[in-house]
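A closer look at the structure
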Amino acid sequence: MAIIQLSQLSRHYGEDETLVKALDDISLSIEEGEIVALLGPSGSGKTTLLNTIAALDIPTSGSYQFHGENVPLGHIENMTTFRRENVGYIFQFFNLLADLTALENVLLVQDLAGKRDRKKAMGLLESVGLSGLEDRFPSQMSGGQRQRVAIARALAKSPRIILGDELTGNLDSETSTMVMEALIKTCRKEKMTTIFVTHDQSLTRFATRIIHLDSGKIIEDESGGLKSIAMTAKHTAESVVDNTVDGVKKIGSKIKGMAQSMLE
Ligand SMILES: Nc1ncnc2c1ncn2[C@@H]1O[C@H](COP(=O)(O)OP(=O)(O)OP(=O)(O)O)[C@@H](O)[C@H]1O
Ligand SMILES: [Mg+2]
């Protein structure tokens, strides 16, 4: 069953001559564990789509089901509960609380979800390469380090879905790669479903699926970098297994197994 199922979903602003169709009749199904890159020009509806999936925004029409259940859109308190229980959101400009240290920022999210776990929080900061910086305040860290705290924070309550809006938008390419690697490693390990908005085509290599939006519509939906690499490896391995002698067959089987595990 799909974890996210949007059916004929629209989000309009204004009316008549000021009408903007930020989302225009979107139907979309996302399976558990998919890593989706969301691309599209400015104003195409990427943030609106992410906010709808996060239950931060209410669509004008259409339905949103999460694990087959209707998301309580329109009921503010229930939307907040849904978000706390299921969604980790990483914003472009970190949104860290300046008066709290890196560790305290992570612990706060666990507290809000009623899941305080200091060991896990420390482990997450370590997994994004921030061991030793737990007690620093945001003002004492670089942009890349702050964004990695934001990632650890989003992951801290083990949400079912992780949403990132231009999460590397203001980082240089080397730091972007480091930040994305830290994120994707944990998401894959914990099989979290991930959707990230990016303007940077090169970051689609981290995705298993790439969705292009334009004028509030999905104009392209394709398999992404990770998946296509795994598919190619799997096909190559299959032809090796089919066509050659025993020793090589064994190597082929091994690669096939690895490729298969990447696809799972
Ligand atoms: N509160 C609002 N009131 C009116 N129009 C809005 C509002 N929020 C968004 N829009 C419009 O909805 C459309 C989609 O906006 P959205 O923020 O989703 O685009 P985006 O793809 O995230 O763009 P960007 O890449 O610039 O962040 C735009 O035309 C925008 O002007
Ligand atoms: Mg946006």
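What comes next concerns the included structure. Every residue gets a number counted from 1 within its own chain, in the order that chain's sequence is written. Whichever chain is written first becomes A and whichever ligand is written first becomes 1, with later ones labelled in order. This being a predicted model, a pLDDT of at least 70 is required before a residue's local features are given, and a value of 80 or more before pairs of side-chain atoms are given or counted; all residues contribute to the totals for chains, interfaces and linings. Neither water nor hydrogens contribute to the side-chain values; these are computed over all heavy atoms in the structure.

Re the overall build of the protein chain
Convention followed: Helix and strand assignments come from DSSP, with helices taken as H or I runs of at least 4 residues and strands as E runs of at least 2, each series counted from the N terminus. Relative accessibility decides the category of a residue: with a 1.4 Å probe and only protein chains considered, values under 20% of the type maximum give buried, values over 50% give exposed, and everything between is partly exposed. Any pair of residues with heavy atoms lying within 4.5 Å of one another is described as a contacting pair. Each accessible area value is a Shrake-Rupley result obtained with a 1.4 Å probe; residue values ignore everything except the protein chains displayed when judging cover.
Of regular secondary structure, the protein chain possesses eight helices and 10 strands. Relative to its full complement of 264 residues, the protein chain shows a buried share of 45%. The contacts in the protein chain between residues at least 6 apart in sequence include a share of 67% that link residues at least 24 apart. For the protein chain, the computed accessible surface area is about 13,100 Å², with 51% contributed by carbon and sulfur atoms.

Remarks on a nonpolar patch on the surface
Defined as follows: Like charges are joined within 9 Å and nonpolar side chains (Val, Leu, Ile, Met, Phe, Trp, Tyr) within 5 Å, but only among residues with over 30% relative accessible area and no salt bridge; these make up the patches. We define a salt bridge as a contact between a side-chain nitrogen of Lys or Arg and a carboxyl oxygen of Asp or Glu at a distance within 4 Å.
On the surface, Leu 97, Leu 108 and Leu 112 cluster together to form a nonpolar patch covering roughly 240 Å² of accessible area. Summarising the element assignment, Leu 97 is placed in the loop between strand E6 (87–90) and helix H3 (102–112).

Quick look at the environment of Gly 45
Tracing the backbone through its elements, the reader meets Gly 45 in the loop between strand E3 (35–39) and helix H1 (46–53). Using a relative accessible area of 9% as the deciding quantity, one classes Gly 45 as buried. For the pair formed by Gly 45 and Lys 217, sequence separation is 172 residues and the distance between their alpha carbons is 8.0 Å. Residues contacting Gly 45, with those up to four places away along its chain left out, are Ala 22, Leu 23 and Leu 213.

Digging into unusual backbone geometry
The residue Asp 16 is not glycine, and still its phi comes out positive at about 45 degrees. If you trace the backbone, Asp 16 turns up in the loop between strand E1 (4–13) and strand E2 (20–30). You can call Asp 16 exposed: its relative accessible area is 64%. For Glu 166, which is not glycine, the phi dihedral falls at a positive 50 degrees. Mapped onto the elements, Glu 166 comes out in the loop between strand E7 (161–165) and helix H6 (173–189).

Digging into the sheet that holds E6
Picture the strands of a sheet paired through backbone hydrogen bonds; they go either parallel or antiparallel. Going by this rule: A pair of strands is treated as paired once DSSP finds two or more bridges between them. To get an axis, a line is fitted to the C-alpha atoms, and for a helix only the part in contact is used. The angle between two axes follows their N-to-C directions and goes from 0 to 180 degrees.
The six strands are arranged E6-E7-E8-E3-E9-E10 in an open sheet whose pairing can be described as mixed. The open sheet terminates on both sides in strands that have one partner only, identified here as E6 and strand E10 (217–223). Within the sheet, the average angular offset between the axes of one strand and its neighbour, ignoring direction, is 15 degrees. Of the strands in this sheet, E6 and E7 touch helix H2 (residues 76–86), which is tilted by about 85 degrees from E6.

Considerations on H6
What counts here: What a helix is expected to span follows from its residue count: subtract one and scale by 1.5 Å. Whenever a nitrogen or oxygen atom comes within 3.5 Å of another N or O atom, the pair is scored as a polar contact, on the condition that within protein one atom can donate a hydrogen and the other can accept it, and that pairs from neighbouring residues in sequence are kept only if both atoms are in side chains.
Given a rise of 1.5 Å per residue, 17 residues ought to cover 24 Å, and the 24 Å separating the end C-alpha atoms of H6 matches this to within 8%. Taken together, the buried positions of H6 are Thr 175, Ser 176, Val 179, Met 180, Ala 182, Leu 183, Ile 184, Thr 186 and Cys 187. Residues of H6 that are buried sit in contact with E3, E6, helix H4 (118–127), helix H5 (143–155), E7 and strand E8 (193–197). In this structure Asp 172 caps H6, since a side-chain oxygen of it lies 3.1 Å from the backbone nitrogen of Glu 174. With its phi angle positive at about 50 degrees, Lys 191 sits one or two positions after the end of H6.

Details of the pairing of E6
Neither face of E6 is exposed, since Val 87 and Tyr 89 on one face and Gly 88 and Ile 90 on the opposite face are all buried. Relative to E7, E6 is paired through four bridges, and the arrangement is parallel. Bridge pairing in E7 links Val 87 to Ile 161.

By themselves, these figures tell us nothing about what the structure is for.
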